[in-house]
Amino acid sequence: MSAVAETISRPEAAAPPAAASAAARPRKRATRGLLRLRTPLPRGWGPTIAVGASVAIVLAWEFVARLGLTTPLFFPSPTAILSAMARMISDQHLLWHAWVSTLRVWGAFLLAAVLAIPIGVAMSGYRVVGAALEPAIDFIRYLPVPALVPLAIIWFGVGEETKIFLLWLGTFFQLVLLVADDMRRVPQEYVEIAYTVGANEGQVLKDVAFRAMLPGLVDNLRITLGWCWTYLIIAEIVAADSGLGFVIWAARRYMKTPEVMAGVVLIGVIGLATDQLLRLIHRRAFRYL
Amino acid sequence: MTHLQFDQVTKSFGAVPVVETPFNLAIDRHEFVVFLGPSGCGKTTLMRMIGGLDQPTSGEIRLEGEPVGAPDRRRGMVFQSYSSFPWLTVAQNVAFGLKYRNDLSEQEKAVRAERYLDLVGLYEFSDHFPSQVSGGMRQRIAIARTLAAGADVLLMDEPFGALDALRREQLQTELRRIQRRDAKTIVFVTHDVEEALFLADRVVVFSKRPTRIVAEIDVRSRLGEERSLEIRDGEDFFALRRETIGLVRAAAGDEL
Ligand SMILES: Nc1ncnc2c1ncn2[C@@H]1O[C@H](COP(=O)(O)OP(=O)(O)O)[C@@H](O)[C@H]1O
Ligand SMILES: [Mg+2]
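Residues numbered from 1 in each chain as written. Chains lettered and ligands numbered in written order. Predicted model: local features only at pLDDT ≥ 70, side-chain atom pairs only at ≥ 80, totals over all residues. Heavy atoms only, no water.

Q: Please clarify how the overall build of chain B should be interpreted in this entry.
A: Counting secondary structure elements, chain B contains 8 helices and 10 strands. In summary, chain B has a C-alpha radius of gyration of 18 Å against a globular reference of 18 Å for 256 residues, a match within 12%. When burial is assessed residue by residue, chain B has 53% of its 256 residues classed as buried. Intrachain contacts of chain B at a sequence separation of at least 6 include 69% that bridge at least 24 residues. Accessible surface for chain B amounts to roughly 11000 Å². Of this, 47% is attributable to carbon and sulfur atoms. Side chains of chain B give 34 positive and 38 negative charges; the mean places of these two sets differ by 3 Å. (Helix = DSSP H or I, 4+ residues; strand = E, 2+ residues; numbered from the N terminus. Rg over C-alpha atoms; globule rule 2.2 N^0.38 Å. Buried < 20%, exposed > 50% of the residue type's maximum accessible area, 1.4 Å probe, protein only. Contact = heavy atoms within 4.5 Å. Areas by Shrake-Rupley, 256 points an atom, 1.4 Å probe, with all protein chains shown as cover. Lys, Arg positive; Asp, Glu negative; His and termini not counted. Charge placed at Lys NZ, Arg CZ, Asp CG, Glu CD.)

Here it is as structure tokens:
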């Protein structure tokens, strides 16, 4: 026994020089091999590169615009867009419009989620439900939302319901299938373990299946929320007197390109912020992954 | 005293027969039985039928004389992979089955969970997540969870298949110790001859599909009850191993 322990301990004694050279190597590789397939980034480099590249793009854009190679009407500079945004905030209630849009997006998103989660879970959990619903859902999700705008107006007029309905339409059916997929991927072993320690069906669903699918579900909700913003513009362009889509469309009518772009940029900023927030929550909540 | 009994059991999936010849086997209380056989011969299927996760096509499986029904906590499963819940800590995993027991007070549950956590040597890892401990420890979590929930039959389907040789040996020794100490009935599936002989009181060797028993090896009478690592290097173990490999080869036929 002790002889074994000795032979095992020997390589460890020789470790320090090996460790030192190993520490020296990655630094060289870090600079030369960043473009090698799947090379991990050194700590802290990711955010730095992301911010640096974004700033560089904006600067290049500003530079090109200032050179006068493009007309401001066609391609305004970032500073022009920013000042348009400031003007719109003070004179045109831009932030209120953004708030209205955000409420619409979240309203439709929550409605879609609240319905899609139980239905999606049921579709994978119970074969009958899946067999019954899948063809219909698969059909509807391929219908282009813009094509359904007239129908939505016939059904709901031009009030809030139409906008919520269009957003919901664009996300609900996709989400149901994503949820069903998350549920399907829950390992059968987890379910069977729970049954063999005495859990009943409801407990298996709640304590095991739902918990197991939760990280994937939250990710899919985050992605779906992004789609909502895409459909929002369609809904607000067609039938609205408020919201960012309305602002953008109104500005277009007078060819106020900086205003159009300011609206677009604001949507991008809201989207980016929401996405990062949800990612952060995901990391915090699912630390065990 | 018979604990578990297969009585004229057959099983087919649709038109595909897995166990065609009616299968009979009686397993004593506190017996450690190992199913050894070529892959695809139906070991997992037999085990799942004991657990109530699959139903026999005909015949009956009895636990303490009563036909087994839906899964319950008396028959605990330990799988090779996905054996512990990643979102629960080690301690929560071990205590998992206890929350479904209304016959115990919270106090009793806590004591019980702690006892089994300790039994498998994971006490100091209580607050770790399974992703932070080794594969061997994850299998120990599963064993402790099953015992804590109150299983008196452990159904283990190649539980150590994914572990390296050293961890395997260590867990085998521990499992055997726990089984002696807690007096559990264990049905263990493997296709590793050495593992089978080291663990078992009795090894049941299966033919390839359609499955039937080709041999039963009474390991207890050959190697005794006590299993230490030394026994593995002994003459008796070697002889038994050679014999068993011969049987397994013959059973697998031309598939090897
Ligand atoms: N749910 C199932 N449906 C159809 N065939 C199955 C199912 N489960 C197992 N089988 C088949 O039954 C046979 C025995 O499988 P299994 O019990 O897993 O064997 P082993 O565990 O000995 O490798 C295999 O041929 C397998 O393909
Ligand atoms: Mg198997």
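Q: Where do I start with the sheet that holds strand 1 (residues 2–13) of chain B in this structure?
A: By way of backbone hydrogen bonds, the strands of a sheet pair with one another, either parallel or antiparallel. Residues and elements named next belong to chain B. Strand order across the open sheet formed by 4 strands is 2-1-4-5, with antiparallel pairing between neighbours. Either end of the sheet is taken by a strand with one partner, and the two such strands are strand 2 (16–28) and strand 5 (66–67). Inspection of the sheet shows strand 1 paired to strand 4 (residues 58–63) by 5 bridges, in the antiparallel sense. Of the residues in strand 4, the one forming a bridge with leucine 4 is leucine 63. Strands strand 1, strand 2 and strand 4 of the sheet are contacted by helix 1 (residues 43–51), whose axis makes an angle of about 120° with strand 1. (Pairing = 2+ DSSP bridges. Axes fitted to C-alpha atoms, helices over the stretch in contact; angles between N-to-C directions.)

Q: When you look at the pattern of salt bridges in this model, what are you seeing that I'm missing?
A: Pairs can form between side chains of opposite charge whenever their charged atoms are close. All names here are of chain B. Taken as a whole, this structure holds 39 salt bridges over all chains when the rule is applied. Residue arginine 101 is joined to aspartate 103 by a salt bridge in which the shortest nitrogen-to-oxygen separation is 2.7 Å. The salt bridge involving aspartate 164 is made with arginine 167; its shortest N-O contact spans 3.2 Å. By relative accessible area, which is 40% here, aspartate 164 ends up partly exposed. Linked by salt bridges that have partners in common, Arg29, Glu64, Asp72, Arg74 and Arg75 make up one network. (Salt bridge = Lys/Arg side-chain N within 4 Å of Asp/Glu carboxyl O.)

Q: Looking at this model, I keep getting lost on the packing of helix 5 (residues 94–125) of chain A against helix 11 (residues 244–253) of chain A. Mind explaining?
A: When two helices pack together, their arrangement is given by the angle between the helix axes and by the axis-to-axis distance. Residues and elements named next belong to chain A. Relative to each other, helix 5 and helix 11 sit at 130°, their axes nearing to 7 Å. By the angle class used here, helix 5 and helix 11 are oblique. On the side of helix 5, the interface is formed by Leu94, His97, Ala98 and Ser101, while helix 11 contributes Leu244, Gly245, Phe246 and Val247. Tallied by class, the residues present in the contact of helix 5 with helix 11 amount to 5 nonpolar, 3 polar and no charged. (Parallel < 35°, antiparallel > 145°, perpendicular 65-115°, else oblique. Nonpolar A, V, L, I, M, F, W, Y, C, P; charged D, E, K, R; others polar.)

Q: Is there a simple way to think about the site of ligand 1 in this case?
A: Residues and elements named next belong to chain B. Lining the immediate environment of ligand 1, one finds Phe13, Val18, Pro38, Ser39, Gly40, Cys41, Gly42, Lys43, Thr44, Thr45 and Arg209. The side chain of threonine 44 places a nitrogen or oxygen atom 2.5 Å from an oxygen atom of ligand 1. Contacts to ligand 1 include threonine 45, whose side-chain N or O atom sits 2.5 Å from an oxygen atom. The protein chains hide 59% of the 560 Å² of surface that ligand 1 would expose on its own. Taken together, the residues of the shell around ligand 1 break down into 4 nonpolar, 5 polar and 2 charged. (Near = heavy atom within 4 Å. Polar contact = N/O pair within 3.5 Å; in protein donor to acceptor, adjacent residues only side chain to side chain.)

Q: Would you mind going over the packing of aromatic side chains with me for this structure?
A: The description of two aromatic rings rests on the distance between their centres and on the angle between their planes. Counted according to the given criterion, the structure contains 22 aromatic pairs over all chains. Ring centres 5.0 Å apart and planes at 45° place the aromatic pair phenylalanine 156 of chain A and phenylalanine 165 of chain A in the tilted group. Geometrically, the ring pair formed by phenylalanine 85 of chain B and phenylalanine 96 of chain B is tilted, given 4.6 Å between the ring centres and 55° between the ring planes. Residue phenylalanine 85 of chain B is found in the loop between strand 6 (75–78) and helix 2 (90–95), and its partner phenylalanine 96 of chain B is found in the loop between helix 2 and helix 3 (106–119); the two are separated by 11 residues along the sequence. Note on phenylalanine 85 of chain B: relative accessible area 0%, which makes it buried. A connected cluster of aromatic rings, assembled from ring pairs, spans Trp155, Phe156, Phe165, Trp168, Phe172 and Phe173 of chain A. Cation over ring: arginine 252 of chain A sits above tryptophan 249 of chain A, and NZ or CZ is 4.5 Å from the ring centre. Above the face of the phenylalanine 198 of chain B ring, arginine 232 of chain B is positioned so that its terminal group lies 4.2 Å from the ring centre. (Phe/Tyr/Trp six-rings, centres within 6.5 Å; stacked < 30°, edge-to-face > 60°. Lys NZ or Arg CZ within 6 Å of the ring centre and 35° of its normal.)

Q: Hey, could you run me through empty space enclosed by the protein in this one?
A: Which parts of space are left empty comes out when a probe the size of a water molecule is rolled across the atoms. Residue and element names in this part refer to chain B. Within this structure, the stated rule accounts for 1 cavity of 30 Å³ or more. Roughly 30 Å³ of volume is contained in the largest cavity. Taken together, Val120, Arg140, Ile143, Leu171, Glu174, Leu175 and Ile178 make up the full set of residues lining the largest cavity. At the level of elements, helix 4 (135–149) and helix 5 (165–182) are the ones that each hand at least two residues to the lining of the largest cavity. A breakdown of the residues in the lining of the largest cavity according to their chemical character gives 5 nonpolar, no polar and 2 charged. (1 Å grid on protein atoms, 1.4 Å probe; cavity = no way out; pocket = protein on both sides within 12 Å on 5 of 7 lines; lining within 4 Å. Points joined across faces, edges and corners; volume = space filled by probe spheres on them.)

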